[in-house]
Amino acid sequence: MVSTGRVGCRRWPAGPLAVVVGVAVVVASGGCTGDSSIVSPKGPAARSVTGLWWPMLAVATAVFAFVAGMLLLAAARGRRRTEEQAKGPAPWGEPFIVVAGVLVSGAILVGFFVFSLGRMQALADGARHTKLTVSVVGHDWWWEVRYPNGAVSANEIHIPAGVKVQLALTTDDVIHSFWVPRLGPKTDMIPGQRNRLWLEASEPGVYRGQCAEFCGLQHANMIIRVVADAPADFDAWMAREAEPAAPSDAPGRRVFETQTCAGCHTVRGTQAAGKVGPDLTHFGRRDTLGAGVRPRTAQDLSRWITDPQSLKPGATMPPTTLAPDQLDALVVYLDGLR
Ligand code: CUA
């Protein structure tokens, strides 16, 4: 059977397309205004990444607009030719396919490859000028942080502002990925391997990061907070963080050491020497608990101790049953670990 008639022309209104593009732009920009924005770099490593990302976005947008335009043009024109006509030579023919599909695409890919080499070189150069190395170990689902003077912390990584800091990254269990978008690129944490990444914060502040490799139930709640201090403040912070906990005869200390807490957590200078969970020697100086899942308030801490699964389902920490006065004493003790 030979079709001879024209097929009806269906026009695609531009309105819905504009709405889709508009919504995408609003969603994208809304996600780019927080303290983990990828388009608001606050250090040279992150600027290297952003400097590659914007041109890629511009070119990708131009290519998308061109392809979408061609698609809309085809849809608007409809199928006006007969099958006999369609078998003949196409109006733009093979040269169009060769130029747009091969030459232009190839030039874009090669161009970005060459352009990215410069960025990679800048990142490699920066790695040779780091002044401090901090070890970070990924755990399901928190971050262990070790400093060269022996200080051990968790989840909140202090660095001096204006200084290139090398991070030595590894993991205690599965693959995680360390990513603080405003300070640098992301780097995987691989079992049995030590990967390196450097960060620099141009100015003091708190920069939010996130595990960027799916690692299980609480992957989304594996939050990093990088706190960039003025260099003198950082030196004081690190020196203090390395010290054991101040002597305490708070009633909560006995609760901590005799209940399950001490089996998993260390408080240096006390009998608590567990190695499973975060070191809590200076827990009272941190702003959050559960790797950023809640602010460190007395109320949230009480809930975290008695029912951590309600705040972070799947976390290794078991519930602890305590009498109300024991719980209050424990919260006071933990808050006092400054
Ligand atoms: Cu750790 Cu995702």
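See the structure above.
The residue numbering used here restarts from 1 in each chain and proceeds along that chain's sequence as written. Side-chain atom pairs in this predicted model are given and counted only at pLDDT of 80 or more, local residue features only at pLDDT of at least 70, and totals for whole chains, interfaces and linings cover all residues. For the side-chain quantities, the full set of heavy atoms in the structure was used; hydrogens and water were omitted.

**Notes on the overall build of the chain**
Logical step 1: Labels follow the DSSP assignment, with helices taken as runs of H or I lasting at least four residues and strands as runs of E lasting at least two, numbered in each case from the N terminus. Of the regular secondary structure elements, the chain holds 10 helices and 12 strands.
Logical step 2: Only protein chains enter the accessibility calculation, which uses a 1.4 Å probe; a residue is then buried when its area is under 20% of its type maximum, exposed when over 50%, and partly exposed in between. When burial is assessed residue by residue, the chain has 38% of its 338 residues classed as buried.
Logical step 3: Here a residue-residue contact requires only that any non-hydrogen atoms of the pair lie within 4.5 Å. Counting contacts in the chain only where the partners sit at least 6 residues apart, residues at least 24 apart contribute 64% of the total.
Logical step 4: Accessibility throughout is a Shrake-Rupley quantity obtained with a 1.4 Å probe, and a residue counts as covered only by protein chains that appear here. Just so you have it, the chain exposes about 18,300 Å², and 63% of that area is on carbon and sulfur atoms.

**Focus on the pattern of salt bridges**
Logical step 1: For salt bridges, the criterion is a side-chain nitrogen of Lys or Arg within 4 Å of an Asp or Glu carboxyl oxygen. Summed over all chains, the structure comprises 12 salt bridges.
Logical step 2: A salt bridge links Arg-285 to Glu-241; its shortest N-O distance comes to 3.0 Å. Here Glu-241 lies in helix H5 (residues 231-242) and Arg-285 lies in the loop between helix H7 (261-264) and strand E11 (288-289), a separation of 44 residues in the sequence.
Logical step 3: Given the relative accessible area of 1%, Glu-241 is considered buried.
Logical step 4: Where Asp-335 meets Arg-338, a salt bridge forms, and the shortest distance between an N and an O atom there is 3.0 Å.
Logical step 5: Residue classification places Asp-335 among the partly exposed residues on the basis of a relative accessible area of 32%.

**Things to note about the sheet that holds strand E8 (residues 195-199)**
Logical step 1: Strands sit in the order E3-E2-E1-E5-E8 across an open sheet of 5 strands; the sheet is mixed. Of all strands in the sheet, those bounded by a partner on one side alone are strand E3 (152-154) and E8. Along the sheet, successive strands turn relative to each other by an average axial angle of 25°, direction set aside. Strand pairing requires that DSSP identify at least two bridges connecting the strands. Note on geometry: axes are lines fitted to C-alpha atoms, helical ones only across the stretch in contact, with angles between N-to-C directions running from 0 to 180 degrees.

**With respect to the sheet that holds strand E4 (residues 156-160)**
Logical step 1: What the 3 strands build is an open sheet, ordered E4-E10-E9; its pairing is mixed. Each edge of the sheet is formed by a strand with only one pairing partner; in this case those strands are E4 and strand E9 (205-210). Pairwise comparison of adjacent strand axes, ignoring direction, gives a mean angle of 25° for this sheet.
Logical step 2: Alignment of E4 against strand E10 (residues 223-229), held across 5 bridges, turns out to be parallel.

**So, the nonpolar core**
Nonpolar side chains in soluble globular proteins tend to end up buried together.
Logical step 1: Definition of nonpolar core: a set of buried residues of the types Ala, Val, Leu, Ile, Met, Phe, Trp, Tyr and Cys, connected through side-chain atoms within 4.5 Å. Core analysis: the largest hydrophobic core is formed by 32 residues, its most contacted members being Val-136, Tyr-147, Ile-157, Leu-167 and Phe-178.
Logical step 2: Listing elements by their share of this core, those giving two or more residues are strand E1 (132-139), strand E2 (142-146), E4, strand E5 (165-171), E8, E10 and H5.
Logical step 3: Judged by nonpolar contacts, the second largest core, of 23 residues, contains Val-255, Trp-304, Leu-322 and Tyr-333.

**Describing the pairing of E10**
For a regular strand, side chains alternate in direction, first toward one face of the sheet and then toward the other.
Logical step 1: Counted residue by residue, E10 has 7 buried out of 7 residues, so it is predominantly covered.
Logical step 2: The two faces of E10 match: Ile-223, Arg-225, Val-227 and Asp-229 on one face and Ile-224, Val-226 and Ala-228 on the other face are all buried.

**Brief notes about H5**
Logical step 1: If you check H5, its first and last C-alpha atoms are 17 Å apart, about what 12 residues at 1.5 Å a residue would give, namely 16 Å.
Logical step 2: All of the buried residues in H5 are Phe-234, Trp-237, Met-238 and Glu-241. Each buried residue of H5 sits inside an arc of 95° when the element is viewed along its axis, so together they form one side.
Logical step 3: Check the buried side of H5 and you find it contacts E1, E3, E4 and E10. By definition here, a helix of n residues has an expected span of 1.5 Å times n minus one. This arc describes the spread of directions from the helix axis toward the C-beta atoms.

**Considerations on the packing of aromatic side chains**
Logical step 1: Pairing of aromatic rings covers Phe, Tyr and the six-membered ring of Trp, with a centre-to-centre limit of 6.5 Å; geometry is then stacked below 30 degrees between planes, edge-to-face above 60, and tilted otherwise. Using the criterion set out here, one finds 6 aromatic pairs in the structure.
Logical step 2: With centroids separated by 5.6 Å and ring planes inclined at 85°, the aromatic side chains of Trp-143 and Phe-178 adopt a geometry described as edge-to-face. Of the two residues, Trp-143 is situated in strand E2 and Phe-178 in strand E6 (residues 176-178); the sequence distance between them amounts to 35 residues. Side by side, Trp-143 and Phe-178 carry an identical accessibility label, which is buried.
Logical step 3: Ring-pair connections join several aromatic residues into one group, and the members of that group are Tyr-147, Phe-234 and Trp-237.
Logical step 4: The ring centre of Trp-179 lies 4.3 Å from the NZ or CZ of Lys-186, which sits over that ring. Lysine NZ or arginine CZ positioned within 6 Å of the ring centre and within 35 degrees of the ring normal marks a charge as sitting over the ring.

**Details of helix H8 (residues 298-306)**
Logical step 1: What H8 keeps buried is the set Asp-300, Leu-301, Ser-302, Trp-304 and Ile-305.
Logical step 2: At its buried positions, H8 is contacted by E11, strand E12 (294-295), helix H9 (308-311) and helix H10 (324-335).

**Comments concerning the side chain of Thr-187**
Logical step 1: Its location among the elements puts Thr-187 in strand E7 (residues 187-189).
Logical step 2: Excluding anything up to four places from it in sequence, Thr-187 contacts Leu-169, His-176, Ser-177, Phe-178, Asn-195, Arg-196 and Leu-197.

Interpretation in functional terms is not warranted from these geometric data alone.
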